Amino acid sequence: MDKPVCLIDTASDGKLCVQQSALQVLEQIQQPVVVVAVVGLYRTGKSYLMNRLAGKQTGFALGSTIESKTKGIWMWCVPHPTKPGTTLVLLDTEGLGDVDKGDSVHDTRIFSLAVLLSSTLVLNSRGTIDNRAIEELPLTHTEQILTELTEYIKIKSPDEVVDDGEFVKFFPSFIWAVRDFTLQLNIEGKDATEDEYLEFALKLKLGNSIQVNNYNLPRECIRKYFPSRKCFTFPFPTNPDNVSYLETLDPAEISKRFLEVTNRFCQFIFDQSQVKNLKDGHTVTGRVLGHLVKTYVDTIASGAVPCLENAVIAMALIENEAAFQEGLEVYQSGMEKLKNSFPLELNEITSEHQCFSLMATQTFMKRSFRDMKVQCREAINQQFDRYLQDNEKASEAKCESLLSVLSEPMTERINQGFYATAGGYDLFCQDLEDIVNQYNTLASYSFCKFLQQKAAVTTAILQADDKLTENERRICEERERAVLLEQEIKAQEERQRQLKEKMVIEEQNNEERVRQVIQKMEEEMSFQQQETQRAMDSKLREQAALMEKGFQEKANKMSSEIEQLRRNNKEVEDRKSREFAQMIADQERRNAQNLEVLRQQHRQQMEAINSRPRPSSRGCSIQ
């Protein structure tokens, strides 16, 4: 994108709506995305920081008046400067507290969407992190939303206690950018870092009065839901008269200290901001992000509470179907190119089928959500059967074409009555033998059919040959039947050989599919453990801080939460282990069923072959 576009706007009825053109941009991005959203009061310079993250001086609109310039949420997608194969998605949000709007509910919706969509949330403010700066944020409303989300999860799992640690797994990392900062970083007479300044500003007060609770509430919200926190303090960028024209200033006119902090801020985000992930560790691509945007905005517009679990379920339905189609297209694309070379030997086509089948499965597994999709495998097997039929038809057509060319002289002689004389049968047999000798490197299926087609001609020539006695004619007829039977047996044996090869390939494919299922499940389990550990570590750090500051009651309560988190994690791991074991068992059962079908076909073909009497002599057609 060479410039930002509006992602979420406000309709005439005041409801948020998604811009289709922006969704089309996201639909084209199949790479993982790092999503950085900036929120804060209007006219605090949010857009300047986002332009710098995009590596540009201009892009997101910077206003020079008291009017809020950015409306809704604007998006800019650029290649990530330090993570190859990744797209950096920048979301510049409408300023909170716009006097023209006067709508705190609208502010809360914008803030909530920034939280839900981002992997890093930048909170931009001016001056200092004081009580007023904290109270001006819609964190109290966010607390209410998060409480309702917790209640939703409890409704889904009535016997399971779900605490704030669940939300920590999905929420973004948090950066507070303090603009126009003029204070000395000094706490109680000691030099402090920017991060220590942030933690000092989020320090809780002892007591249980209404005033203390109101003071602590937004701070507790930040501490609970954003355990990964960072702070940057920016000095004034330039002379106050030039601040409104910051994007057009020459670097020499901008404070070196301001540029140094800006560069450090950008580098931190480039290095530390993680790719957006959903529950179970599924990586968010641009396409998936677009689905999330629409799901969340539609939910908010309907008056409901945005729900992470619902969003993932809706995403699974969309992405699994798309993953199925994408995997099938990979298989069909490869096989269609191979089809141009038909006919091929069975070992050649099955080898290519195995290769394209595994590629299709990998493509599906990479994009799918929580679903091994038996449909994908069954569709590929059905496609393979059709390609085998196409190959057989191509082989038959090629053989028939060759036989037509080889038998043309003999056909001409038949039409001329050349064989309708005494001794004509022996001449006919000699010509037919010549055709066989030229054809003997090709498959027997079409040759058997060729002999069947010539059976009436052979009988007519045999009956017309006055040189033969009645007994000799009868012997020749028996030999001709024996020849046809032998060719039919050879054709069945060829099909039997092909079926055995197919069984071997199917067993190899089954082993690879089970391996891929196990690999994906192990990755999901590993991600689950990492996320749980991250939530656990954040609670342990918070508990240690509370105990150090004398909040023993809150620290004791957190001990219960930590223990509950451990139990919940153990239950989740046990449940996932059972689910994964069942998935593998189901996969192996389906594999066994498919192989049993092939074995049954193998037995039936063997019975058909063994039930036919073997010819003891040959007719004139084959020597």
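Criteria and thresholds
Residues numbered from 1 in each chain as written. Predicted model: local features only at pLDDT ≥ 70, side-chain atom pairs only at ≥ 80, totals over all residues. Heavy atoms only, no water. UniProt positions renumbered as here; feature names shortened; annotations may be inferred. Helix = DSSP H or I, 4+ residues; strand = E, 2+ residues; numbered from the N terminus. Buried < 20%, exposed > 50% of the residue type's maximum accessible area, 1.4 Å probe, protein only. Contact = heavy atoms within 4.5 Å. Areas by Shrake-Rupley, 256 points an atom, 1.4 Å probe, with all protein chains shown as cover. Axes fitted to C-alpha atoms, helices over the stretch in contact; angles between N-to-C directions. Parallel < 35°, antiparallel > 145°, perpendicular 65-115°, else oblique. Left-handed = near helix turned anticlockwise from the far one by under 90°. Nonpolar A, V, L, I, M, F, W, Y, C, P; charged D, E, K, R; others polar. Patch = residues over 30% accessible without salt bridge, like charges linked within 9 Å, V, L, I, M, F, W, Y side chains within 5 Å. Salt bridge = Lys/Arg side-chain N within 4 Å of Asp/Glu carboxyl O. pLDDT = per-residue confidence, 0-100. Phe/Tyr/Trp six-rings, centres within 6.5 Å; stacked < 30°, edge-to-face > 60°. Lys NZ or Arg CZ within 6 Å of the ring centre and 35° of its normal. Core = buried A, V, L, I, M, F, W, Y, C linked by side-chain atoms within 4.5 Å. Pairing = 2+ DSSP bridges.

- The protein is annotated in an unreviewed UniProt entry as GB1/RHD3-type G domain-containing protein from Cyprinus carpio.
- Under the UniProt heading Sequence similarities (unreviewed entry), the note attached to the protein is "Belongs to the TRAFAC class dynamin-like GTPase superfamily. GB1/RHD3 GTPase family."

## Notes on the overall build of the protein
For step 1, the next point in the chain: Assigned secondary structure in the protein consists of 18 helices and ten strands.
For step 2, the next point in the chain: For the protein, the proportion of its 623 residues judged to be buried stands at 48%.
For step 3, the next point in the chain: For the protein, long-range pairs separated by at least 24 residues make up 75% of all intrachain contacts whose partners lie at least 6 apart in sequence.
For step 4, the next point in the chain: Accessible surface, the protein as shown: approximately 30500 Å² in total, 50% of it carbon and sulfur.

## Considerations on the packing of helix H14 (residues 408-416) against helix H15 (residues 424-439)
To describe two helices that pack against each other, one gives the angle between their axes and the distance between the axes.
For step 1, the next point in the chain: The interhelical angle for the contact between H14 and H15, taken along N-to-C directions, is 160°, at an axis separation of 10 Å. Compared by their axis directions, H14 and H15 come out roughly antiparallel. For the pair H14 and H15, the sense of crossing is left-handed. Where H14 approaches H15, its residues Met-410, Arg-413 and Ile-414 are matched on the opposing element by Phe-428, Asp-431, Leu-432 and Ile-435.
For step 2, the next point in the chain: By residue class, the composition of the contact of H14 with H15 is five nonpolar, no polar and two charged.

## Considerations on the packing of helix H1 (residues 20-27) against helix H10 (residues 286-301)
For step 1, the next point in the chain: Two elements in contact, H1 and H10, have axes whose closest approach is 7 Å; the angle formed by their N-to-C orientations is 150°. With respect to each other, H1 and H10 are oriented roughly antiparallel. Between H1 and H10, the residues in contact are Leu-23, Leu-26 and Glu-27 and Gly-286, Arg-287, Leu-289, Gly-290, His-291 and Lys-294, respectively.
For step 2, the next point in the chain: Of the residues belonging to the contact of H1 with H10, the class tally is three nonpolar, three polar and three charged.

## Thoughts on a nonpolar patch on the surface
For step 1, the next point in the chain: A surface patch of nonpolar side chains, amounting to about 280 Å² of accessible area, comprises Ile-313, Leu-317 and Ile-318.
For step 2, the next point in the chain: Position of Leu-317 relative to the elements: it lies in helix H11 (residues 308-339).
For step 3, the next point in the chain: For Leu-317, a relative accessible area of 64% translates into the label exposed.

## What to know about the confidence of the model for the protein
For step 1, the next point in the chain: Taken residue by residue, the protein gives an average pLDDT of 79. The fraction at 70 or more is 81%.
For step 2, the next point in the chain: Confidence drops under a pLDDT of 50 for residues 63-69, and excluding neighbours within four residues, the segment shows 17 contacts in the predicted structure.
For step 3, the next point in the chain: Taken together, the stretch residues 148-161 has pLDDT below 50 and engages in 20 contacts with residues farther than four places along the chain or on a different chain.

## Details of the packing of aromatic side chains
For step 1, the next point in the chain: Under the criterion given, the structure shown has 13 aromatic pairs.
For step 2, the next point in the chain: Measuring from ring centre to ring centre gives 5.3 Å for Phe-418 and Tyr-419, while their planes differ by 80°; the resulting arrangement is edge-to-face.
For step 3, the next point in the chain: With relative accessibility at 36%, the residue Phe-418 sits in the partly exposed group.
For step 4, the next point in the chain: Note on Tyr-419: relative accessible area 1%, which makes it buried.
For step 5, the next point in the chain: An aromatic cluster of three or more residues is present, and its members are Tyr-48, Phe-232, Phe-234, Phe-258, Phe-265 and Phe-268.
For step 6, the next point in the chain: It is Arg-219 that lies over the ring of Tyr-215; its NZ or CZ is 3.6 Å from the centre.

## A look at the nonpolar core
For step 1, the next point in the chain: Core analysis: the largest hydrophobic core is formed by 57 residues, its most contacted members being Leu-91, Leu-121, Ile-129, Trp-176, Leu-289 and Leu-292.
For step 2, the next point in the chain: Once you skip the residues sitting within four places of it in the chain, Leu-121 turns out to touch Ala-37, Val-39, Phe-111, Ala-114, Val-115, Pro-172, Ser-173, Phe-174, Ile-175 and Phe-226.
For step 3, the next point in the chain: In this structure, Leu-53, Val-78, Leu-90 and Val-122 belong to the second largest nonpolar core, which totals 28 residues.

## Remarks on the pairing of strand S10 (residues 229-233)
For step 1, the next point in the chain: Within S10, five of the five residues are buried, which leaves the element mostly enclosed by the surrounding structure.
For step 2, the next point in the chain: Residues Arg-229, Cys-231 and Thr-233 point to one face of S10 and Lys-230 and Phe-232 to the other, with burial holding for every one of them.

## Comments concerning unusual backbone geometry
For step 1, the next point in the chain: Between Phe-342 and Pro-343 the backbone carries a cis peptide bond, its omega angle lying at 5°.
For step 2, the next point in the chain: With respect to the helices, strands and loops of the structure, Pro-343 is situated in the loop between H11 and helix H12 (346-367).
For step 3, the next point in the chain: The backbone of Asp-180 shows a phi angle near 55°, a positive value even though the residue is not glycine.
For step 4, the next point in the chain: Counting through the fold element by element, Asp-180 comes out in the loop between strand S7 (173-179) and strand S8 (186-187).
For step 5, the next point in the chain: Judged by relative accessible area, which is 15%, Asp-180 ranks as buried.
For step 6, the next point in the chain: Phi angles above zero are rare outside glycine, and Glu-188 is one such case at about 55°.
For step 7, the next point in the chain: Along the polypeptide, Glu-188 turns up in the loop between S8 and strand S9 (190-191).

## As for the sheet that holds strand S1 (residues 5-10)
For step 1, the next point in the chain: The eight strands lie next to each other as S2-S1-S4-S5-S3-S6-S7-S10, forming an open sheet whose pairing is mixed. In this open sheet, the two edge strands, each paired with only one partner strand, are strand S2 (16-18) and S10. Between one strand axis and the next, the sheet turns through 20° on average, direction left out of account.
For step 2, the next point in the chain: With five bridges joining them, strand S3 (residues 33-40) and strand S6 (residues 120-126) adopt parallel strand pairing. When the sheet's bridge partners are listed, Gly-40 is paired in S6 with Asn-124.
For step 3, the next point in the chain: Helix H7 (residues 194-201) contacts S7 and S10 of the sheet and is inclined by roughly 110° relative to S10.
For step 4, the next point in the chain: Here H10 sits on the sheet in contact with S1, S2, S3 and strand S5 (87-93), set at roughly 155° to S2.

## Observations regarding the pairing of S3
For step 1, the next point in the chain: Here S3 lies mainly inside the structure; eight of its eight residues are buried.
For step 2, the next point in the chain: On S3, burial covers both faces: Val-33, Val-35, Ala-37 and Val-39 on one face and Val-34, Val-36, Val-38 and Gly-40 on the other are all buried.

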